[in-house]
Structure formats: structure tokens, C-alpha cells
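Listed below, chain by chain, are the residues.
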Amino acid sequence: MVLEASPPSCDANRSRDVGGIVLGIESTAHTFSIGWVDGLGVPGKSISAFVRPVKGGIHPREAADHHAERAGGILAQLLDEEVDINQVKAIAFSQGPGLGPCLRIGASVARSLATKLDVPLVGVNHCVAHIEVGRERCGCDDPVLLYASGGNTQVIARLDGRYRVLGETLDIGIGNMLDKFAREQGIPFPGGPKIEQLANQWLEDNPEASLEGLELPYAVQGMDLAFSGILNAALNLVEKGKPLEAVCWSLQEHAFAACVEVAERAMAHAGKSELLLGGGVACNERLRGMCDTMSKDRYSTSHVPIKPLCVDNGSMIATLGRLQLLWGEPTQLNDSGVRQDLRTDETPILWN
Ligand code: AMP
Ligand code: MG
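Only a predicted model underlies this, so the values are computations on that prediction, with no experimental measurement involved. (Residues numbered from 1 in each chain as written. Chains lettered and ligands numbered in written order. Predicted model: local features only at pLDDT ≥ 70, side-chain atom pairs only at ≥ 80, totals over all residues. Heavy atoms only, no water.)

Just give me the short version of the pairing of strand β2 (residues 31–37), but keep the residues and values in it.
With seven of seven residues buried, β2 is to be regarded as a mostly interior element. The alternating pattern of β2 places Thr-31, Ser-33, Gly-35 and Val-37 and Phe-32, Ile-34 and Trp-36 on opposite faces, both of which are buried. Judged from the five bridges that link them, strand β1 (residues 21–26) and β2 form a sheet pairing that is antiparallel. Within β2, the residue paired with Leu-23 across the bridge is Trp-36. (Buried < 20%, exposed > 50% of the residue type's maximum accessible area, 1.4 Å probe, protein only. Helix = DSSP H or I, 4+ residues; strand = E, 2+ residues; numbered from the N terminus. Pairing = 2+ DSSP bridges.)

Tell me about unusual backbone geometry, and name the residues and values.
The omega angle of the peptide bond from Gly-96 to Pro-97 is -5 degrees, so this bond is cis rather than trans. With respect to the secondary-structure elements, Pro-97 resides in the loop between β4 (88–96) and α3 (100–117). Going from Phe-189 to Pro-190, the amide bond is cis rather than trans, its omega being -5 degrees. One can find Pro-190 in the loop between α5 (174–184) and α6 (192–205).

Pulling in residues and values, what's your account of the sheet that holds β4?
Spatially, the five strands line up as an open sheet ordered β3-β2-β1-β4-β5, and their pairing is mixed. Lying at the two open borders of the sheet, with one neighbouring strand each, are β3 (47–50) and β5 (121–125). For this sheet, the mean angle separating the axes of adjacent strands, direction not counted, is 20 degrees. One ladder, built from four bridges, connects β2 with β3; its direction is antiparallel. Residue pairing in the sheet places Phe-32 in a bridge with Ala-49 of β3. Here helix α11 (residues 314–327) sits on the sheet and contacts β1, β2, β4 and β5; the angle it forms with β2, its principal contact strand, is near 50 degrees. (Axes fitted to C-alpha atoms, helices over the stretch in contact; angles between N-to-C directions. Contact = heavy atoms within 4.5 Å.)

I'd like to hear about the coordination of the magnesium ion (ligand 2), residue by residue, with values.
At the metal site, the magnesium ion (ligand 2) is ligated by His-126 (NE2), His-130 (NE2), Tyr-147 (OH) and Asp-312 (OD), and these contacts range over 2.1 to 2.5 Å. Spacing between the donor residues of the magnesium ion (ligand 2) along the chain follows H-x3-H-x16-Y-x164-D. Taken together, the positions of His-126 in helix α4 (residues 126–138) and Asp-312 in the loop between α10 (307–310) and α11 put the pair 186 residues apart, joining distant regions of the chain. Asp-312 matches His-126 in its accessibility class, with the two residues each being buried. (Donors = N, O, S within 2.8 Å, 3.2 Å for Na, K, Ca; no water.)

Give a detailed account of α11, specifying residues and quantitative values.
Taking 1.5 Å per residue, 14 residues should reach 20 Å; α11 reaches 20 Å between its end C-alpha atoms and fits that length. Among the 14 residues of α11, 12 are classified as buried, and the element is accordingly described as predominantly covered. Within the span of α11, buried status applies to Gly-314, Ser-315, Met-316, Ile-317, Ala-318, Thr-319, Leu-320, Gly-321, Arg-322, Leu-323, Gln-324 and Leu-326. At the N-terminal end of α11, a side-chain oxygen is found 3.1 Å from the backbone nitrogen of Ser-315, two or three residues along, and the residue is Asn-313. (Expected span 1.5 Å × (residues − 1). Polar contact = N/O pair within 3.5 Å; in protein donor to acceptor, adjacent residues only side chain to side chain.)

An account of the site of ligand 1 is needed here, citing residue identities and associated values.
Around ligand 1, 18 residues are found, and the nearest of them are Gly-150, Asp-179, Gly-192, Glu-196 and Gly-280. Taking His-30, its side chain carries an N or O atom lying 3.2 Å from an oxygen atom of ligand 1. Take Gly-175: an N or O atom from its main chain is 3.3 Å from an oxygen atom of ligand 1. Here ligand 1, which alone exposes 510 Å², has 94% of that area covered by the protein. Only α5 and α6 provide two or more residues apiece to the shell around ligand 1. Taken together, the residues of the shell around ligand 1 break down into six nonpolar, nine polar and three charged. Viewed by domain, the shell around ligand 1 spans two of them, domain 1 (10–133 + 309–346) and domain 2 (142–306), each represented by three or more residues. (Near = heavy atom within 4 Å. Areas by Shrake-Rupley, 256 points an atom, 1.4 Å probe, with all protein chains shown as cover. Nonpolar A, V, L, I, M, F, W, Y, C, P; charged D, E, K, R; others polar. Domains from an automatic or database assignment.)

Can you break down the sheet that holds strand β7 (residues 153–159) residue by residue, with the values?
Across the sheet, five strands lie side by side as β8-β7-β6-β11-β12; this open sheet has mixed pairing. Only two strands of the sheet have a single neighbouring strand rather than two, namely β8 (162–168) and β12 (301–303). Neighbour to neighbour, the strand axes of the sheet diverge by 25 degrees on average, direction disregarded. For strand β6 (residues 144–148) and strand β11 (residues 274–278), the ladder comprises four bridges, and the chain directions are parallel. Directly across from Tyr-147, in β11, lies its bridge partner Gly-278.

So what's going on with the nonpolar core? Which residues, and what values?
One broad trend across soluble globular proteins is that nonpolar side chains are buried collectively. With 52 residues, the main nonpolar core has Ile-174, Met-177, Phe-181, Phe-227 and Leu-287 as its most contacted residues. If you list the elements that add at least two residues to this core, you get β6, β7, α5, α6, α7 (228–239), α8 (244–270), β11 and α9 (285–297). Per element, the largest residue contribution to this core is 15 residues, and it comes from α8. By size, the runner-up hydrophobic cluster in this structure holds 28 residues, among which are Val-122, Leu-145, Leu-309 and Leu-326. (Core = buried A, V, L, I, M, F, W, Y, C linked by side-chain atoms within 4.5 Å.)

Tell me about α3, and name the residues and values.
Here α3 spans 26 Å end to end across 18 residues, near enough to the 26 Å set by a 1.5 Å rise per residue. Among the residues of α3, those classed as buried are Gly-100, Pro-101, Cys-102, Leu-103, Ile-105, Gly-106, Ala-107, Val-109, Ala-110, Leu-113 and Ala-114. Structurally, α3 contributes buried residues whose contacts are with β1, β2, α2 (60–81), β4 and β5. Phi for Asp-118, located one or two positions after α3, is positive at around 60 degrees.

Give me the lowdown on the domain arrangement of the chain, citing residues and values where you can.
Here the domain parsing of the chain yields domain 1 (10–133 + 309–346) and domain 2 (142–306). Spacing between the C-alpha centres of domain 1 and domain 2 amounts to 27 Å. The interface of domain 1 with domain 2 comprises 20 residues on the first partner and 22 residues on the second. The junction of domain 1 with domain 2 conceals about 1800 Å² of combined surface from both sides, 62% of it contributed by carbon and sulfur atoms. By the criterion of area lost to domain 2, the three top residues of domain 1 are Ile-131, Cys-310 and Asp-345, representing 33% of everything that side buries. Inspection of the region where domain 1 meets domain 2 yields one salt bridge. When the shortest N-O distance is used, the salt bridge between Glu-168 and Arg-343 registers 3.4 Å. Taken together, the connections running from domain 1 to domain 2 amount to 12 residue pairs in polar contact (both at pLDDT 80 or more). Elements represented by at least two residues in the side of domain 1 that touches domain 2 include exactly α4 and α10. In terms of residue count, the dominant contributor to the side of domain 1 that touches domain 2 is α4 (six residues). (Buried area = accessible area lost by both parts, 1.4 Å probe. Salt bridge = Lys/Arg side-chain N within 4 Å of Asp/Glu carboxyl O.)

Next up, the structure:
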């Protein structure tokens, strides 16, 4: 398959109508969400439910039970408020990567719906969906993606017809690191927004704040990152009596700087002049600001979709499902098994 010959532009994708609505079902981890795009790829509202573990991390089986319990209600609400079922032309779902039991709930809902409505089924790669919804919505063509979410932290760029992971976390995702730190302080999931709020509070109260005495390990290894060391060191600082707000600020400064450093190196190596942010941590204003500054310094541009499209959501799955439907083949039922370990570069880019 020749992937790069006469690639259609983003604009060409936008002007092609699939003739109806594509539904997208997301269930890779803590979120169960159904969203949609119209025939031209304009996203509608996603309706979502989140697992919020009171103690400990996400338990895959419990999360799957949550998704199974909520799926029917979410679908009913979507059909009631957002989508005319007669206009649905295809069902897209996250085929991977993610937690097996959670993925299987979304896949089962998708298969049942596609069969019942007699419309094509389209299995999509969750990580690639973050890129495509960003490209479509922000109008950037060939970005380096800094994908900073709960379970994933990757720096991705398109090279030779595939999205390649140029750097990634070697242990936990940056969002998981923030959530774990928060949990130890009694802050419920998701911890990232509260950490951002506390960090802002510290800066407001201490406009001349310094990182002296608040240093944390900075784990960039070549193009890869690691977050467990920074997590343990931040927990130690709180134990030693440093103010929680100050540690939250330091944690953001160190962890985000590491991500931005790898993203910048990726832009330099891959010769790209656009940066795109995705994943739930991309909701953070400080991370957005750092990306902006770095991009301006490189005479490049930084892009980020609206917050509901940064976190895991059904509309981004529908966005990629529509593109695959336009440029590829639907997924046959016997190929629709979930792929827990699906890699970003396993998905051929049939569209541009
Ligand atoms: P996702 O896995 O992409 O759905 O994103 C969820 C992750 O994003 C969780 O780890 C959250 O703590 C994190 N998150 C959401 N909002 C923010 C924020 N404003 N700052 C930092 N992290 C955030
Ligand atoms: Mg995600």
C-alpha cells in the first residue's frame, strides 16, 4: 500500500461528506464516552462518565463494570439530546491501546449497535484519535504531538506514512503521576486540576517564588521520560514539611519542563514546525504556556484543542472513524477484537 502518494490535505478531508453521523465510543480506561461527528467531521457533544476511584488506582474489572452499567444510559441520553438514530452512518470505537476489560465493553456496545443499525463498524487507535482530532480542530497539518494523559506520555510525529513514537515515559504516565501524588494528599481523582489550582495559589501568594529547596529529579533520558522518581521526591518534600502548594508548583515546573524538552528535541530532529498538545494533562494552562513559549522561540506554532477534546472523549474516536471510513475499509466483525497493546505506529495513515 502506497501511503504517501498524492496525500489529500486536511481541507480535502473536511470537504468530503460521509453522508451522515459517525458515532464514536471511547472506553480505554477510566472514561466511558459516546460522541459523534457530522458527515463533514464537525464534532458534536460527547456524553461521558468517569470512574473515580476513592482509594488506589483504577481497577480494570471495576472500571469495566462501571462502563457496562453506564453505557445504556449514556447511549439513551445521546439519542435523546444529540443524535437522530436514523442519521447514523457508522459506529467507531477505540480498539486499543487500553485496559482489556474496559476496551471489551466499548467494543461490545459498538458491535451490537453496528449490527442492529446495519452500518459499518470502524475500530480505531486511541492515540491516533488524539492526534487527528487535534489536527482537524486546530487546523495544523504535520505536527509533533505531545500526548500527555493519565496512562500515556508520548511524543509522536509522522514519518514515512505512520505516526512514530519518538519518545515516551519509561514508567508511569504523567497524569497517573499527578493523580498518585494528589491521592497521597487526600485529593480525589483526577488530581491534575487541583494540583494546578494549588500551584497557582502558591504563585499568587509568592510572586517571587523560587525553586530553591524545592528541587526535584528531572528524568529525561535521551528522548524518553520517567516520572516515578519525581513522584517519590515530591512526596518526600511534603513529608519534610514543605507547603503543599509549593510542592505542587515545583512538580508542575519540573514534570512539564521535561515533556517540553523532549517535544522540542523531537521537533528539531523530525524537522517539524507545529506542536500539538493532547491528552487530559493538556488542559493545564501552565503546560500550554510552556509549549507556547518553546514554539515561539523556535519560530513554530503551538496548538491545543478545546478542553473537552483533550480528555478522552467519544467525539475524537468518531473523528478518526470518519477518516478511516473515507480513506480505508470498515472493520469486519471477526477483526474487531480489542488490542490492549496496540502501538501508535501500527496504524497506517491512509488520510493526510
Ligand atoms: P485522559 O487520560 O487523557 O482522559 O486525562 C486524564 C488525566 O488528565 C488525569 O490524570 C488528570 O489528572 C489529568 N488532568 C486533567 N486536567 C488537568 C489539569 N488541568 N492539569 C493537569 N492534569 C490534568
Ligand atoms: Mg487518551
